[in-house]
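Examination of the molecular architecture
Given next are the chains, with one letter for each unit.
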Amino acid sequence: MRKIGLLGLTLVSLGTWFSLRSSPPSISSALPTIKPSPPKTIRYLERILPQGIAHILLIPANSRFVVAGALSAKVNTVEEFAQKRKALAILNAGFFDPANQKSTSYVVVAGKLVADPKDNERLVNNPQLKPYLAQIFNRTEFRRYQCGQTIRYSIALHNESAPADCQLVDAIGAGPRLLPELTLVQESFVDNALVRDALGSNQLNARTAVGITRDGSIILVMVAQKPSQPNNSGISLVQLADLMKILGASEAMNLDGGSSSSLYYLGKTFYGKVDLQGNLIKRPVQSVLLVQEK
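Procedures and definitions
- Residues numbered from 1 in each chain as written.
- Predicted model: local features only at pLDDT ≥ 70, side-chain atom pairs only at ≥ 80, totals over all residues.
- Heavy atoms only, no water.
- Pairing = 2+ DSSP bridges.
- Helix = DSSP H or I, 4+ residues; strand = E, 2+ residues; numbered from the N terminus.
- Axes fitted to C-alpha atoms, helices over the stretch in contact; angles between N-to-C directions.
- Buried < 20%, exposed > 50% of the residue type's maximum accessible area, 1.4 Å probe, protein only.
- 1 Å grid on protein atoms, 1.4 Å probe; cavity = no way out; pocket = protein on both sides within 12 Å on 5 of 7 lines; lining within 4 Å.
- Points joined across faces, edges and corners; volume = space filled by probe spheres on them.
- Nonpolar A, V, L, I, M, F, W, Y, C, P; charged D, E, K, R; others polar.

**What to know about the sheet that holds strand S16 (residues 218–224)**
Here we have six strands laid out as an open sheet, ordered S1-S2-S16-S15-S17-S12, and antiparallel in their pairing. Bordering the open sheet on either side are strand S1 (43–49) and strand S12 (177–179), each of which pairs with just one other strand. Neighbour to neighbour, the strand axes of the sheet diverge by 20° on average, direction disregarded. Summarising the sheet, strand S15 (residues 207–212) and S16 pair through six bridges and their orientation is antiparallel. Bridging from a neighbouring strand, Val 210 pairs with Leu 220 of S16.

**Here we look at unusual backbone geometry**
Going from Gly 175 to Pro 176, the amide bond is cis rather than trans, its omega being 5°. For Pro 176, the location among the structural elements is in the loop between strand S11 (167–173) and S12. In this chain, Leu 179 is followed by Pro 180 through a cis amide linkage whose omega measures 10°. Along the chain, Pro 180 falls in the loop between S12 and strand S13 (190–191). A positive phi angle, near 55°, is found at Asn 62, a position not held by glycine. When you line up the elements, Asn 62 lands in the loop between strand S2 (52–59) and strand S3 (65–76). In this structure Asn 62 comes out as exposed when scored by relative accessible area, which is 71%.

**Thoughts on empty space enclosed by the protein**
Within this structure, the stated rule accounts for three cavities of 30 Å³ or more. One number sums up the size of the second largest cavity: a volume of about 70 Å³. Lining the second largest cavity, in full, are Phe 95, Thr 104, Ser 105, Tyr 106, Pro 117, Ile 136, Phe 137, Asn 138, Arg 139, His 158, Gly 173 and Ala 174. Of the residues that constitute the lining of the second largest cavity, the class distribution is six nonpolar, five polar and one charged.

**Section: the environment of Ala 198**
Within the secondary structure, Ala 198 is located in the loop between strand S14 (196–197) and S15. The spatial distance from the C-alpha of Ala 198 to the C-alpha of Leu 184 is 9.5 Å, given a sequence separation of 14 residues.

**Some words on helix H6 (residues 237–246)**
Most of H6 is tucked away: eight of the 10 residues are buried. Of all the residues in H6, the buried ones are Leu 237, Gln 239, Leu 240, Ala 241, Asp 242, Leu 243, Met 244 and Ile 246. A positive backbone phi angle near 110° is found at Gly 248, which sits one or two residues after H6.

Right under this line is the structure:
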């Protein structure tokens, strides 16, 4: 298993590796074995994919950084979140309804439930979604636990209990789970019988994801479209799962994507979606993952 400390040097060849492939990457491809000491600082990497641009943040385990959740009563850009929260990095996170600015994902911050999709009447009363509500209310979420003096992260379904001797601190739902397997059908994003695909999972689009390595390091990823290819760029969910695995994640989940895709790091913001003229779309979002110093 590649630890996060291996990622930087492994990723030196990743851009070349991706540029040689036009189909979804194969995990069986051999990558060099390198054994540097794991870094204890955040690392930012940009990699050009065949049809997208990957912006990657690597947050090492057992470092001075923590990944926490945040929710805004009114939607904000990730830049505005950064100004208010004084975070080092911010990635857009949960799903929300732009029409009423209410969350369609569960959000827990500092141990308190601050967003409940069951309170969103446009979601609950949508006749097309009623057959799927049980699965929608039990989708995947990224969690932070306090286990004694130790911080732990996990990716779990909403109804799953916290580990013994651990308290849930933060949780932000989205989905589907990407690793160890893609759960589009199980989380009712896809209904093959009705030819329903809520996320256009096989289509190229701007997308975001969060992953956890076996040693507890965190990988934040935003794949942007190419302005020169507004109609045919980005990444599919199958390719996104493959990318997260290549980066060293053993667990990973999809976050809100498309026009919401955005990543802030140290004063610079990267947006993922472009319009037909190739201009960046800067849509404000409701919930985010923050990277802060402890």
